[in-house]
Amino acid sequence: MSFFTSPQVQVSSKAIELLNGVLGKENISTAESVRDHHSRDESSLQAFLPDCVVFPKDTLQVSECMKICYAHSLPVIPFGTGTGLEGGITAVKGGVCMDLSHMKQILSVNQEDFDCTVQPGVTRMMLNSDLRATGLWFPVDPGADASLCGMAATSASGTNAVRYGTMRENVMNLEVVLSNGDVLHSAGGGRRTRKTAAGYNMTNLFVGSEGTLGVITQATLRLYGIPEATLSAVCQFQSVQSAVDATVATLQAGIPIARIEFLDDVQMKACINYSNLEGLQELSTLFLEFHGTDDSVKAQADVVGEIVQLNEGSDFMYATEAEDRNKLWTARHSAFYAASSLRPGSRILTTDVCVPISELPEIITQTKNDISKSSLLGPIVGHVGDGNFHTLLLIDPEDESERKIAKDLANRMAQRALAVGGTCTGEHGIGIGKRHLLAEELGQVGIQTMRSIKEALDPKGIMNPGKVFL
Ligand SMILES: Cc1cc2c(cc1C)N(C[C@H](O)[C@H](O)[C@H](O)COP(=O)(O)OP(=O)(O)OC[C@H]1O[C@@H](n3cnc4c(N)ncnc43)[C@H](O)[C@@H]1O)c1[nH]c(=O)[nH]c(=O)c1N2
Ligand SMILES: CC(C)CC(=O)C(=O)O
Ligand SMILES: [Mn+2]
């Protein structure tokens, strides 16, 4: 992979001096290693170095830094934990990377109202371990231990979304520092209601904005009761079609399933080896989870078991003990790393389309056929309960022709999704790699409307330039 220094904007020594004045010298770095760490996320996309990295400790410091960057027209790239998969944090125009990891307070937990407010350095695992004693949890789970505000910024979801929704449904209010340093509360200061009909939905404007509209400095989130009983299960199928047909039938039956994850035969091969999964074969597989009471999880599992049988799936292998469930879900969350172990030295070009559920069996089958015809390995995993799936295309990072084959495959996959009413990204966002697809997905009026919003909130174009828009 190649690295670039800032191609367009240089942060002047005067601006650095002013930022030093706000933050103190120890909270700003121009060291090569620090800039390098902040130049790339977990994707295999090109990495560009920021000129400096700043570590504010509170909203006031974020606001003061933004005022300096605004006055000097410096690009600002908000940085959560860098687990993104679409190059969202890379500094395509150089500038100031704003690492928010020093702001790690859980500001409030309102147990009776099932909500909490966190700063941008709080990750979902930090929050859930802090919440454990309260009997509450935050279910949105992208696998990676991402910052909750980064998850809001990318509209993340993951394995629990089929039951609990994505970040879009679970963020109630955001504090955002705008490009000129103003501090906005998207639903009004201190508001934390389940519903509101008070004007435009500014909260959801910032969910999925990928750092292009402002810096999220607080998020107020919905919480849920930890279920009384949890039952996980695995079943296997002879074909992709029957596994996905069983998923669609489960959803159509109205089962409130908590997780229903698809892994194809290639991904299973990777996971069986990487995570030492015993008793499973290299076949199309569903990992499932039921939440409820002892009786209700059993009743749900019985109905889904029958649906699986009707679709010629295997009997369930159950994981009832916490240790076995953890092993199963850790294996699922390690799918990305398991896949890359299929080809040592490879990097992964990820994909992330989402379609109406009824379109899922056909599009996954078409995608799998397309991958088989190429020279690349591309395991498939999917949050199939949401109509969302990924292929993980394994490429030699030094081989441009392989990158091209992978990009073409990814493009065809996105085109197929768009053609059936789907989206080019269910959860990873647009970043730098999918800007052309966003324009196609929204159409001219749609993209122009988004641009107008961007220009209104960020008239100098300093917020994470080069992302989302072509
Ligand atoms: C192994 C693995 C597996 C998965 C995933 C990653 C990895 C490595 N992801 C992707 C990733 O975890 C997800 O996109 C996170 O929401 C990114 O959060 P970070 O804090 O790491 O943001 P990161 O620092 O990577 O930034 C991502 C984007 O958000 C912006 N941003 C971050 N913090 C901000 C803030 N406070 N204010 C404004 N903008 C901010 C950045 O500027 C950038 O554009 C994922 N995702 C998913 O939805 N479902 C999944 O299943 C998975 N699975
Ligand atoms: C497979 C990767 C692309 C990461 C992801 O989104 C997932 O594991 O669900
Ligand atoms: Mn995913």
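Residues numbered from 1 in each chain as written. Chains lettered and ligands numbered in written order. Predicted model: local features only at pLDDT ≥ 70, side-chain atom pairs only at ≥ 80, totals over all residues.

Participant: Just to check I follow, could you spell out the site of ligand 2 for this structure?
Facilitator: Looking at ligand 2, the residues that line it are Leu85, Gly143, Ala335, Phe336, Thr350, Val381, His390 and Leu392. Elements represented by at least two residues in the shell around ligand 2 include exactly helix H13 (335–341) and strand E21 (388–395). The residue makeup of the shell around ligand 2, split by class, is five nonpolar, three polar and no charged. (Near = placed C-beta within 6 Å. Helix = DSSP H or I, 4+ residues; strand = E, 2+ residues; numbered from the N terminus. Nonpolar A, V, L, I, M, F, W, Y, C, P; charged D, E, K, R; others polar.)

Participant: Whenever I open this one, the UniProt feature "domain: FAD-binding PCMH-type" (unreviewed entry) in the protein chain confuses me. Can you help?
Facilitator: UniProt annotation of "domain: FAD-binding PCMH-type" (unreviewed entry) refers to residues 46–226 when read in the numbering used here. A distance of 40 Å separates the end C-alpha atoms of residues 46–226, which is 23% helix and 24% strand. (UniProt positions renumbered as here; feature names shortened; annotations may be inferred.)

Participant: Sorry, what's going on with the domain arrangement of the protein chain here?
Facilitator: A common way to express how large an interface is: the accessible area buried when the components associate. What the domain assignment lists for the protein chain is domain 1 (3–99), domain 2 (106–225) and domain 3 (229–432). Contact residues are listed per partner, giving 15 residues for domain 1 and 20 residues for domain 2. Only helix H3 (59–71) and strand E5 (76–79) provide two or more residues apiece to the side of domain 1 that touches domain 2. If you tally residues by element for the side of domain 1 that touches domain 2, the top one is H3, at seven residues. In terms of residue class, the side of domain 1 that touches domain 2 is made up of six nonpolar, seven polar and two charged. (Domains from an automatic or database assignment. Contact = placed C-beta atoms within 7 Å.)

Participant: Mind showing me how you'd approach the pairing of strand E14 (residues 229–237) here?
Facilitator: When you tally the buried positions in E14, you get seven out of nine residues, the bulk of the element. Where E14 meets strand E16 (residues 284–292), nine bridges bridge the pair, whose relative direction is antiparallel. Bridge assignment links phenylalanine 237 to a residue of E16, and that residue is serine 284. Of the pairings in the sheet, the one linking E14 to strand E17 (residues 317–319) comprises three bridges and is antiparallel in character. The residue of E17 that forms the bridge with valine 234 is methionine 317. (Buried ≥ 20, exposed ≤ 12 C-beta atoms within 10 Å, placed from the backbone. Pairing = 2+ DSSP bridges.)

Participant: I tried to follow the environment of glutamate 26 on my own but got confused; where do I start?
Facilitator: Here glutamate 26 lies in the loop between helix H1 (13–23) and strand E2 (28–29). Glutamate 26 gets classed as exposed once you count the C-beta atoms within 10 Å, which come to 8. Along the backbone, glutamate 26 and valine 54 are 28 residues apart, and their C-alpha atoms lie at a distance of 9.3 Å.

Participant: Before we go on, may I ask you to explain the sheet that holds strand E12 (residues 215–222) in this structure?
Facilitator: In sheet architecture, strand pairing relies on hydrogen bonds along the backbone and comes in two forms, parallel and antiparallel. Read from one edge of the open sheet, five strands run E7-E8-E12-E10-E11, paired in antiparallel fashion. Either end of the sheet is taken by a strand with one partner, and the two such strands are strand E7 (106–110) and strand E11 (183–185). Strand-to-strand twist in this sheet, taken as the mean axis angle between neighbours without regard to direction, amounts to 10°. Of the strands in this sheet, strand E10 (171–177), E11 and E12 touch H3, which is tilted by about 50° from E10. (Axes fitted to C-alpha atoms, helices over the stretch in contact; angles between N-to-C directions.)

Participant: Is there a simple way to explain the nonpolar core in this structure?
Facilitator: Nonpolar side chains tend toward joint burial in soluble globular proteins. In terms of nonpolar packing, the biggest core is built from 123 residues, with Met98 and Ala152 touching the most fellow members. Not counting the four nearest positions on each side in its chain, methionine 98 is found in contact with Val54, Pro56, Cys65, Val76, Ile77, Pro78, Phe79 and Val215. (Core = buried A, V, L, I, M, F, W, Y, C linked by C-beta atoms within 7 Å.)

Participant: Explain the site of ligand 1 here, please?
Facilitator: Neighbouring ligand 1 are 37 residues; Gly80, Gly84, Gly88, Gly150 and Gly211 lie closest to it. Only E5, helix H5 (148–154) and E12 provide two or more residues apiece to the shell around ligand 1. It is H5 that provides the largest number of residues to the shell around ligand 1, a total of five residues. By residue class, the composition of the shell around ligand 1 is 17 nonpolar, 15 polar and five charged.

Participant: So what exactly am I meant to see when it comes to the sheet that holds E2 here?
Facilitator: Overall, mixed pairing links the four strands, which are arranged E2-E4-E6-E5 in an open sheet. Of all the strands in the sheet, just E2 and E5 have a single pairing partner and so form its edges. Relative to strand E6 (residues 96–99), strand E4 (residues 52–54) runs parallel, the two sharing three bridges. Looking at the pairing, valine 54 lines up with methionine 98 of E6.

Participant: Could you clarify how one ought to interpret the packing of helix H9 (residues 240–252) against helix H14 (residues 360–373) in this entry?
Facilitator: Describing two packed helices takes the angle between their axes plus the distance from one axis to the other. Contact pair H9 / H14: the axes reach a minimum separation of 9 Å and the direction vectors enclose 155°. Here H9 is positioned roughly antiparallel relative to H14, judged by the angle of their axes. In terms of crossing hand, the pair formed by H9 and H14 is right-handed. Between H9 and H14, the contacting residues are Val240, Gln241, Val244, Asp245 and Val248 on the first element and Leu360, Pro361, Ile364, Thr365 and Lys368 on the second. In terms of residue class, the contact of H9 with H14 is made up of six nonpolar, two polar and two charged. (Parallel < 35°, antiparallel > 145°, perpendicular 65-115°, else oblique. Left-handed = near helix turned anticlockwise from the far one by under 90°.)

Participant: Just to check I follow, could you spell out helix H11 (residues 294–310) for this structure?
Facilitator: Since one α-helical turn is 3.6 residues long, residues separated by three or four positions face the same way. An ideal rise of 1.5 Å per residue puts 24 Å on 17 residues; H11 measures up with 25 Å between its terminal C-alpha atoms. For H11, every residue scored as buried is listed here: Val297, Gln300, Ala301, Val304 and Val308. Looking straight down H11, one finds its buried side chains confined to an arc of 100°; they lie on one side. Exposed residues pointing more than 90 degrees away from the buried face of H11 are listed as Asp295, Asp302, Glu306 and Leu310. (Expected span 1.5 Å × (residues − 1). Arc of directions from axis to C-beta.)

Participant: I'm lost on the environment of cysteine 271 in this one. Help?
Facilitator: Assignment of secondary structure puts cysteine 271 in helix H10 (residues 265–274). For cysteine 271, a count of 27 C-beta atoms within 10 Å corresponds to the buried category. In the structure, cysteine 271 is positioned 46 residues away from methionine 317 in sequence and 16 Å away in space, judged by C-alpha atoms. Residues in contact with cysteine 271, not counting those within four places in the same chain, are Leu263, Leu277, Ala331, Ala335 and Ala338.

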